[in-house]
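# Coordinate analysis (summary)
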Amino acid sequence: MKILHTSDWHLGQHFMGKSRRDEHRAFIDWLLALVDSESIDAVIIAGDVFDTGSPPSYAREMYHQLVLDMKARQCQLVIVAGNHDSVSMLNESKSLLSYLETQVSSQANLEDLDSHVIALNDKAGEVSAWVCTVPYLRPKDVMKSVSGQSEQDKKLGLLQHIGDFYQQVYELACEKNKALKRAVPIIGTGHLTAIGGQVSESVRDLYVGTLEALPTSVFPHFDYLALGHIHRAQAITKDGRFRYSGSPIPLSFDELGREKSLVIIDTTLLDEQPQVQDLFDERQEAIRCHTIPSFQPMQSLNGNLKDILKRIEALSLTELTAQNQTLWLEVTVVADEYLSDLHKRLLEAIEGKPIELLRVMRKSAADTKKVNFESRQTLSELTVKDVFDKSLQSNEGIDEEERVILTNLFNQCLIEMEDSQEQPA
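Summarised in this report is the structure supplied together with it. (Residues numbered from 1 in each chain as written. Predicted model: local features only at pLDDT ≥ 70, side-chain atom pairs only at ≥ 80, totals over all residues. Heavy atoms only, no water.)

Formed by 36 residues in total, the largest nonpolar core has its most connected members in Val43, Tyr63 and Met70. Of all elements in the fold, only helix H1 (21-38), strand E4 (42-46), helix H2 (57-72), strand E5 (76-80), helix H3 (87-92) and strand E13 (260-266) reach the threshold of two or more residues within this core. Look past the residues within four positions of tyrosine 63 in its chain and what remains in contact with it is Leu11, Val49, Phe50, Ile79, Leu90, Ser93, Leu97 and Val104. Judged by nonpolar contacts, the second largest core, of 31 residues, contains Val117, Val184, Leu192 and Leu225. (Core = buried A, V, L, I, M, F, W, Y, C linked by side-chain atoms within 4.5 Å. Buried < 20%, exposed > 50% of the residue type's maximum accessible area, 1.4 Å probe, protein only. Helix = DSSP H or I, 4+ residues; strand = E, 2+ residues; numbered from the N terminus. Contact = heavy atoms within 4.5 Å.)

Spelled out as structure tokens, the structure:
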């Protein structure tokens, strides 16, 4: 069967005063067409379906219409809650949606682990995969606080409880596999920050209790782990099986540099994938990233005012005008002197053009000098992590996947070093 992994839709988001309703509607229409063309059997949304706990009515309508559209296509829908989602709001329609082949996991339930293991059926009604639906984990959901604990003890205790929860749900799925008398893939989910993931401006800092990020060692050996929360699509393991799908639309201007995508997993090929380097080979598509088109033109310009005005004038806007679209523009002006007429001059530059100026920022040239100064720092002025980060940045021969793996290993080494230093001699 084919499973589609996506996350971080943030339905109902307002972006610098602009509604994303049309973008989300266009994305969902495109997604439904993809489900048809790719014969997708199930869709997993790994958290942050909504942008707030009280989304506008149109966002709820989109959500419920999506359920009906998936049902009409006989495509199962699995939704796990993210940190932006309201548990109570998702629970309002949870029971009803289950009759429409949509399963919602809103909160960790230690008393009913069975509710976290969902069967995905193929078109013939046979179980073809198990999904361990782990939503955003709040500390109170997986552990009880103990008075007198140090910060380090709380951190290690929470890490242990999160790992135990994942392991218990995974083992339950393994037991169900044995009862089937045939092994089918076990898919995990999560909405959190895993060590090695690269965040963007629109990602709020997410701390599970006192943990800023979790090591990949906390997760069981899932055949695939569908992660949400980080908006940049990326793998956190070298084989690409533990992966963030990223958000379908840019949720901040700093997300414009990379393509948006979702992931398609073909469970029939997962066990036939022996070579890491063949993961994205066209002949073997067990896990495949699929590029999402842009539904709202956006651009960010940075430089001195004279340069920015020239670049605005040189923008190619013919296609936008023909499609009745508007470019959302962010401008960062680098200048030491105060420009009292800055906003006025920018508005004059875009007058009559299909451009909306959403944000104007000023940056002192001194900030650039600071960056140059930092590049001349000596080793004695840098921390171990500073040296590691700068080494990665300067080594162009390392690709994105290798950077993730190296960052994972480095951070785990740091954790082990800190633990060993705290042990009595």
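Reading across from one edge, E15-E16-E17 is the order of the 3 strands in this open sheet, with parallel pairing throughout. Pairing within the sheet leaves two strands with one partner each, and these edge strands are strand E15 (298-303) and strand E17 (355-363). Each adjacent strand pair in this sheet contributes to an overall mean axis angle of 15°, direction not counted. Each of strand E16 (327-334) and E17 touches helix H10 (residues 342-350); the most contacted strand, E17, lies at about 150° to it. (Pairing = 2+ DSSP bridges. Axes fitted to C-alpha atoms, helices over the stretch in contact; angles between N-to-C directions.)

Here we come to the packing of H1 against H2. Axis separation between H1 and H2 bottoms out at 11 Å; the angle between their running directions is 5°. Judged by the inter-axis angle, H1 sits roughly parallel to H2. Here Arg21, His24, Arg25, Ile28, Leu31, Leu32 and Val35 of H1 lie close against H2, whose contacting residues are Tyr58, Met62, Leu66, Asp69 and Met70. In the contact of H1 with H2, the residues fall into 8 nonpolar, 1 polar and 3 charged. (Parallel < 35°, antiparallel > 145°, perpendicular 65-115°, else oblique. Nonpolar A, V, L, I, M, F, W, Y, C, P; charged D, E, K, R; others polar.)

Among the 5 residues in strand E1 (residues 2-6), 4 count as buried, and that is most of the element. Of the pairings in the sheet, the one linking E1 to E13 comprises 4 bridges and is antiparallel in character. Considered in E13, the bridge of isoleucine 3 is made with isoleucine 265. In this structure, E1 lies alongside E4, joined through 4 bridges in parallel fashion. Each bridged residue has a counterpart across the sheet, and for leucine 4 the counterpart in E4 is valine 43.

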